[in-house]
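Given next are the chains, with one letter for each unit.
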Amino acid sequence: MPGGVSSPVRSFKSVGLSPVFIKSGQGAYLTDVDGNNYVDYVMSYGPLIAGHAHPAVRAAVAKQISRGSSFGCCSELEITLATFIAGVMPGVPMVRFVNSGTEAVTSALRLARGATGRPLIVKCAGCYHGHVDALLVQAGSGATTHGQPSSPGIPDAVINNTLLVPFNDAAAAEAVFSQHGGQIAAMIVEPILGNIGVVLPEAGYLARLRELCSRHGAILIFDEVMTGFRVALGGAQQLQQVQPDITCLGKIIGGGLPVGAYGGREELMNQVSPAGPVYQAGTLSGNPLAMIAGLTTLRLLQSAAAGDAANAANSSQDAYVVLEALGSRLQHGLEKSAARAEVPLVVQRCGSMITPFFTGQSGKESIKNYADALACDTQAYARFFKAMLDGGVMLPPSQFEAWFISLAHTEVDIDQTVEAAAKAFEAVKQPAAQG
Ligand SMILES: *Cc1c(COP(=O)(O)O)cnc(C)c1O
């Protein structure tokens, strides 16, 4: 396996360590093959909002697998999950299930180009939309941590149809649209950017993109693979009150099993095969295991007083209220201990997705875009990561990833994490003799 891994960020290469191999996950915790336990903030990079091996998800998957894992025929669970999503996301009355976020975005771009008959796609620097050829230009996540500005293996002909703008810069988007408007099929954006760490859209930014796309007959795609059901039941589009034409989903809607989806209004989605001419298919798409794992997770999030929520302390409140409280506790704890240790730190957060940016010499007071994120002190993050790992806390091994809190995390977990962080900030200040 290249780099010993199935996905690059898992290699720990950017923090100068060997990867940890995990034996099991339970609730908010991971146990590695050597028997070490960690409070986990990777949470499989987002899907596990209910925690590892949630009893309800486990039971639902076990029950389903005894009835078969894939039929190559329709099953009722697809309808149930599609109906659930449509019920909480008004912009997604129609949906097509696929097997990953990457596949959802690939298909959404094809639909946008098919529906408009135009070639160009606008993307924001730092947004990560999976390893889609056309969008692997200044892409965040592992592509920033391990990649090159754009990956080898992608023909110029593909990249030439991608236009780049900085996130949070409406004037730049305006300029691109006024120059290329008639040729732009779609603008795609993470409405809350999570793949260079968490960066919120500035007030009015998404509304400007909405207006630009409408004015120029282009399709607005929100990539909510990370934010969908993470920041609110209705996703970032509910929080930000801006409706895209196409929404990409993944991660949480599969409850820890491989899944993706893209959806939008009827006349657009009816362009997709077999209703329309835009071809897209999948052997395991909508398989009942992923559907039931996702559906069970979404129901946990929806039921305010779920008796079977992840833990007793969290069982009687709205899931997103619980997640917000835990997120806020972690944010303030980190800010306080960083200040005490005199480590320059900017913590950015939306609910249960959070990133402490080690701003170092840059002196930045907020991170608004890709350039700001790249100016962070990744060596400081690497030292912090290692100290936290030693202190029993599993973080993403890169400055450019969001941390995720789940319903299985407790205030005690958060407080222990903050305690470990207080020590880790001291380690950040002492660059070890690097060998
Ligand atoms: C994770 C992610 C993807 C890719 O999803 P995969 O299932 O890894 O292919 C796409 N877009 C965003 C915003 C993501 O966070």
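Heads up: these notes are all about the structure in this document. It should be emphasised that the depicted structure is a prediction, and the values quoted were computed from it without experimental measurement.

1. A look at the pattern of salt bridges
Inspection of every chain in the model, using the stated rule, returns 12 salt bridges. For E174, the salt bridge identified is with R208, shortest N-O distance 2.8 Å. Residue E174 is located in helix α6 (residues 170-180), and its partner R208 is located in helix α7 (residues 205-215); the two are separated by 34 residues in the primary sequence. Given a relative accessible area of 25%, E174 falls into the partly exposed group. A residue is classified by how much of its surface remains accessible, and R208, at 34% relative accessible area, is partly exposed. Close ionic contact of D415 with R329 constitutes a salt bridge, the shortest N to O distance being 2.9 Å. Pair noted here: D415 is in helix α14 (residues 411-429) and R329 is in helix α11 (residues 319-341), with a separation of 86 residues, a long-range link.

2. Comments concerning the sheet that holds strand β8 (residues 219-223)
Read from one edge to the other, the open sheet built from 7 strands follows the order β4-β10-β9-β8-β7-β5-β6, with strand pairing classed as mixed. Only two strands of the sheet have a single neighbouring strand rather than two, namely β4 (94-98) and β6 (162-165). Between one strand and the next, the sheet's axes are offset by a mean angle of 20 degrees, whatever the strand orientation. Note: strand β5 (residues 120-124) against β6, 4 bridges, orientation parallel. By the bridge assignment, C124 is partnered in β6 with V165. Lying on the sheet, helix α3 (residues 101-116) is in contact with β4, β5, β7 (184-189), β8, β9 (246-250) and β10 (260-264); it crosses β9 at an angle near 165 degrees.

Parameters and conventions
- Residues numbered from 1 in each chain as written.
- Predicted model: local features only at pLDDT ≥ 70, side-chain atom pairs only at ≥ 80, totals over all residues.
- Heavy atoms only, no water.
- Salt bridge = Lys/Arg side-chain N within 4 Å of Asp/Glu carboxyl O.
- Helix = DSSP H or I, 4+ residues; strand = E, 2+ residues; numbered from the N terminus.
- Buried < 20%, exposed > 50% of the residue type's maximum accessible area, 1.4 Å probe, protein only.
- Pairing = 2+ DSSP bridges.
- Axes fitted to C-alpha atoms, helices over the stretch in contact; angles between N-to-C directions.
- Contact = heavy atoms within 4.5 Å.

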